[in-house]
Amino acid sequence: MSRDVYASVTARIMDALAQGVVPWHKPWDGRQGRPRNLVSGSVYRGVNVWVLMAAGGSPFWLTYRQAQKIGGHVKKGERGVEVVFWKWVEKRPAADAADDAKPERFAVARSFTVFNAAQCELPEAWRERVEVQAPELDEAQKILSCERIVEHMPNRPEIVHAGVRAFYRPSADRVTMPESGRFAAPELYYSTLFHELTHATGHPSRLNRPTLVDMVAFGDTNYSKEELCAEMGAAFLCGVAGIENRTCDDSASYIQGWLRKLQDDTKLLVHAAAQAQRAADCILGDASEDEE
């Protein structure tokens with residue numbers, strides 16, 4: 001993906017931060033779900049989730065051509081949102097390569113523009129799809145969903161309850177949590193646990209994520225990337241469970257800190273979101289590689 005696209009995607013998130021909104025702290029509507037393509041039904045993944053949530057509007061999106069194909073159109077003067085699509089491709093070995101040379105597999109990023117359903121004139125049948133909402137889960141059901149996510153995590157690290165701090169220790173592959181009763185609400189306990197479990201996915205026995213494995217100290221580049229990954233990973237899981245991310249810090253100093261980091265490294269956001277999505281997939285047992 002060109003640096004211009006990295007910059008374009010990052011700029012939209014930075015605009016939201018400058019207005020005091022942290023997109024990965026804003027839960028999606030549990031009745032409508034995370035941003036998705038209206039025509040295909042596919043949910044958007046990685047950084048696209050936060051870019052589209054920062055844009056606001058309905059959770060349903062579609063391309064200009066998709067709007068035309070279903071008999072509708074984008075309203076005059078409307079501007080779309082640039083999103084990223086990752087596609088896995090294989091590059092065959094060169095003609096003079098060794099006989100046992102294997103194809104090189106890598107991800108190629110492309111960008112395209114989508115429009116919110118509210119920006120389009122749509123046939124009645126499609127407008128009805130936009131308006132359909134799932135039943136709202138009650139608080140007990142949401143907490144049960146959290147419990148199931150933790151219980152069914154493949155290759156789950158050890159989780160112990162002790163002390164007053166929550167942290168993950170890679171050397172022992174152990175998450176330490178305060179007792180749930182020390183938290184003001186169950187949502188705060190689980191959003192904190194999701195944060196630490198996201199860190200745990202970086203262990204060599206799971207995703208072997210460099211930002212965790214090669215992290216040196218607080219404040220180094222990998223530390224910032226790993227923390228952003230853990231924040232977004234927890235946010236993905238909170239969204240899946242239907243709870244609010246209660247570990248949010250929307251203070252001015254917090255927001256200014258991320259603004260500075262994103263300004264210095266326009267690739268940080270896209271890469272961290274991709275790693276967070278992989279971490280959430282790992283915890284949920286989803287090995288999907290492609291994303292809309």
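Residues numbered from 1 in each chain as written. Predicted model: local features only at pLDDT ≥ 70, side-chain atom pairs only at ≥ 80, totals over all residues. Heavy atoms only, no water.

Structural notes on unusual backbone geometry
Just so we agree on the cut-off: Secondary structure counts use DSSP, requiring at least four H or I residues in a row for a helix and at least two E residues in a row for a strand, with both numbered from the N terminus.
Positive phi, normally seen in glycine, also occurs at Asn 155, with a value near 50°. Here Asn 155 shows up in the loop between helix H5 (139-151) and strand S7 (158-161).

Considering empty space enclosed by the protein
Under the convention used in this document: Cavity means a closed set of points on a 1 Å grid over the protein atoms alone, one where a 1.4 Å probe fits but cannot get out, pocket means an open set with protein on both sides within 12 Å along at least 5 of 7 lines, and lining means a residue has an atom within 4 Å of a point. Grid points are joined across faces, edges and corners, and a volume is the space filled by probe spheres set on the points.
Under the definition given, this model contains one cavity of 30 Å³ or more. The computed volume of the largest cavity comes to approximately 50 Å³. The wall of the largest cavity is formed by Trp 24, His 25, Lys 26, Pro 27, Trp 28, Trp 50, Ala 235, Cys 238, Gly 239 and Asn 245. Per-element accounting of the lining of the largest cavity gives the leading share, three residues, to helix H8 (residues 221-241).

Here's the deal with the side chain of Gln 119
Our working rule: Here a polar contact means two N or O atoms within 3.5 Å. Within protein one must be a hydrogen donor candidate and the other an acceptor candidate, and residues neighboring in sequence count only if both atoms are side-chain atoms. We call two residues contacting when some pair of their heavy atoms lies within 4.5 Å.
As for its position among the elements, Gln 119 is in the loop between strand S5 (104-116) and strand S6 (120-121). Among the polar contacts made by the side chain of Gln 119, one reaches the main-chain amide nitrogen of Asn 116 at a distance of 2.7 Å. Leave out the neighbours within four places in its chain, and Gln 119 touches Trp 61, Val 74, Lys 75, Glu 78 and Arg 79.

Observations regarding the pattern of salt bridges
Convention followed: The salt bridge definition used is simple: a Lys or Arg side-chain nitrogen within 4 Å of an Asp or Glu carboxyl oxygen. Three exposure classes are used, based on accessible area relative to the maximum for each residue type with a 1.4 Å probe and protein chains only: buried under 20%, partly exposed in between, and exposed over 50%.
Scanning the entire structure with this criterion turns up six salt bridges. Measuring nitrogen to oxygen at the nearest pair gives 3.6 Å for the salt bridge that ties Glu 139 to Lys 142. Taken together, the residues span about one helical turn, with Glu 139 and Lys 142 both in helix H5 at a distance of three residues. Owing to a relative accessible area of 45%, Glu 139 belongs among the partly exposed residues under this scheme. Residue Lys 142 is classed as buried on the basis of its relative accessible area, which comes to 12%.

Let's talk about the sheet that holds strand S8 (residues 167-169)
How we decide: Paired strands, in this sense, are two strands between which DSSP finds at least two bridges. Note on geometry: axes are lines fitted to C-alpha atoms, helical ones only across the stretch in contact, with angles between N-to-C directions running from 0 to 180 degrees.
Ordered by their spatial adjacency, three strands build an open sheet running S7-S9-S8, and the pairing between neighbours is mixed. Of all the strands in the sheet, just S7 and S8 have a single pairing partner and so form its edges. The sheet shows a mean angle of 25° between the axes of neighbouring strands, direction not considered. For S8 and strand S9 (residues 174-177), the ladder comprises three bridges, and the chain directions are antiparallel. Residue Arg 169 lies in a different strand from S9, and its bridge partner there is Arg 174. Here helix H6 (residues 186-200) sits on the sheet in contact with S7, S8 and S9, set at roughly 160° to S9.

Focus: the environment of Gln 256
Tracing the sequence through the fold places Gln 256 in helix H9 (residues 252-264). In this structure, the C-alpha to C-alpha distance between Gln 256 and Gly 20, residues 236 residues apart in sequence, is 9.5 Å.

Structural notes on the nonpolar core
The condition is simple: By nonpolar core we mean a set of buried residues, namely Ala, Val, Leu, Ile, Met, Phe, Trp, Tyr and Cys, connected to one another through side-chain atoms within 4.5 Å.
In terms of nonpolar packing, the biggest core is built from 62 residues, with Leu 17, Trp 24, Trp 50, Tyr 190 and Phe 194 touching the most fellow members. No other element matches the nine residues that H8 contributes to this core. If sequence neighbours within four positions are ignored, Tyr 190 has contacts with Ile 143, Cys 146, Glu 147, Val 150 and Ile 243. One finds Phe 60, Leu 62, Cys 120 and Val 130 within the second-largest nonpolar core, a separate group that totals twelve residues.

Concerning the packing of aromatic side chains
Basically, it comes down to this: Between 30 and 60 degrees the pair is tilted, below 30 it is stacked and above 60 it is edge-to-face, where a pair is any two Phe, Tyr or Trp rings, Trp via its six-membered ring, whose centres lie within 6.5 Å.
This model, assessed by the stated rule, comprises six aromatic pairs. Measuring from centroid to centroid gives 5.4 Å for Phe 183 and Tyr 189, while their planes differ by 80°, and the two rings are edge-to-face. Tyr 189 shares its class with Phe 183; the two are buried. These aromatic residues form a ring-pair network of at least three members: Phe 183, Tyr 189, Tyr 190 and Phe 194.

Looking at the layout of surface pockets
To be explicit about the condition: Gly is placed with the polar residues, together with every amino acid not listed as nonpolar (Ala, Val, Leu, Ile, Met, Phe, Trp, Tyr, Cys and Pro) or charged (Asp, Glu, Lys and Arg).
A volume near 440 Å³ is recorded for the second largest pocket. Taken together, 20 residues make up the lining of the second largest pocket; nearest its centre are His 195, Glu 227, Glu 231, Tyr 254 and Trp 258. Here the element with the most residues in the lining of the second largest pocket is H8; it accounts for six residues. Class assignment of the residues belonging to the lining of the second largest pocket gives a composition of seven nonpolar, eight polar and five charged.

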